[in-house]
Amino acid sequence: MTTHPAFPPGYALPDGPATRFAACALAGDFHAAGTARQFTRTTLCGWGMLDVVENASIVVSEMLTNAIRYGFDNPPDLGLSARPLWLGLLGRGASVLCTVSDPGTDVPVVKEPDYLAESGRGLHIIDSLSESWGWTPPDAGGKSVWAMVAAR
């Protein structure tokens with residue numbers, strides 16, 4: 001895991017609340033979701049954003065699982081991908097914007113869940129736990145899926 005804090009602790013925009021940013025590169029394997037949850041928990045606790053830790057960790061885990069499942073042309077092997085996934089956290093006030101970038105060009109599609117299946121509810125979970133979510137238009141570099149999680 002590679003982390004890139006973009007702002008020093010306590011950095012604030014001139015006329016706004018404190019803004020914090022952290023990002024990490026993740027391997028394109030099925031261990032990435034656990035690593036992302038740990039990174040999210042550690043980062044948000046360090047920022048004192050305890051009210052959003054649980055929901056943000058679940059949202060990030062679901063976004064990472066979808067990126068691994070659908071964000072590669074071929075299913076990734078268990079090694080480090082040549083084009084890693086990226087997780088970014090942007091904290092501002094009592095909200096955190098969680099973003100996962102992957103090399104895929106397929107956009108997320110909300111499907112009717114099969115309640116007997118073990119998967120297929122990730123986007124419904126993201127929608128339930130976030131204020132809003134969406135994705136950037138895909139290009140040759142892939143896309144980013146984002147979700148805004150606020151204290152409730």
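The rules behind each value
Residues numbered from 1 in each chain as written. Predicted model: local features only at pLDDT ≥ 70, side-chain atom pairs only at ≥ 80, totals over all residues. Heavy atoms only, no water. Core = buried A, V, L, I, M, F, W, Y, C linked by side-chain atoms within 4.5 Å. Buried < 20%, exposed > 50% of the residue type's maximum accessible area, 1.4 Å probe, protein only. Helix = DSSP H or I, 4+ residues; strand = E, 2+ residues; numbered from the N terminus. Contact = heavy atoms within 4.5 Å. Axes fitted to C-alpha atoms, helices over the stretch in contact; angles between N-to-C directions. Parallel < 35°, antiparallel > 145°, perpendicular 65-115°, else oblique. Left-handed = near helix turned anticlockwise from the far one by under 90°. Nonpolar A, V, L, I, M, F, W, Y, C, P; charged D, E, K, R; others polar. Salt bridge = Lys/Arg side-chain N within 4 Å of Asp/Glu carboxyl O.

## Focus on the nonpolar core
Thought 1: Core analysis: the biggest nonpolar cluster contains 32 residues, and Leu 26, Met 63, Leu 64, Leu 87, Val 96 and Cys 98 have the highest contact counts within it.
Thought 2: Those elements that provide at least two residues to this core are strand E2 (19-26), helix H1 (32-46), helix H2 (53-70), strand E3 (85-92), strand E4 (95-102), helix H3 (122-129) and strand E6 (143-150).
Thought 3: Considering every element that reaches this core, the biggest residue donor is H2, with eight residues.
Thought 4: If we ignore the near neighbours within four places in the chain, the residues touching Leu 26 are Ala 32, Thr 35, Ala 36, Leu 64, Pro 84, Leu 85 and Leu 87.

## Brief notes about the packing of H1 against H2
Two packed helices can be described by the angle between their axes and the distance between those axes.
Thought 1: Viewed as axis vectors pointing N to C, H1 and H2 meet at an angle of 150°, and their least axial separation amounts to 8 Å. Our classification of the angle between H1 and H2 gives roughly antiparallel. The hand of the H1/H2 crossing is right-handed. Residue-level contacts link Ala 32, Ala 33, Ala 36, Arg 37, Thr 40, Arg 41, Leu 44 and Cys 45 of H1 to Val 53, Glu 54, Ala 56, Ser 57, Val 60, Ser 61, Leu 64, Thr 65 and Ile 68 of H2.
Thought 2: Tallied by class, the residues present in the contact of H1 with H2 amount to 10 nonpolar, four polar and three charged.

## So, the environment of Ser 132
Thought 1: Along the chain, Ser 132 turns up in strand E5 (residues 132-135).
Thought 2: Overall, the relative accessible area of 34% leaves Ser 132 in the partly exposed class.
Thought 3: A sequence separation of 18 residues divides Ser 132 from Ala 150, and the C-alpha atoms of the two residues are 9.7 Å apart.
Thought 4: When sequence neighbours within four positions are dropped, the list of residues in contact with Ser 132 reads Trp 146, Ala 147 and Met 148.

## Some thoughts on the pattern of salt bridges
Thought 1: Within this structure, the stated rule accounts for two salt bridges.
Thought 2: We note a salt bridge from Arg 41 to Glu 54, for which the minimum N-O separation is 2.8 Å. Taken as a pair, Arg 41 in helix H1 and Glu 54 in helix H2 lie far apart in primary sequence, 13 residues in all.
Thought 3: A salt bridge links Lys 143 to Asp 102; the nearest nitrogen and oxygen atoms lie 2.9 Å apart.

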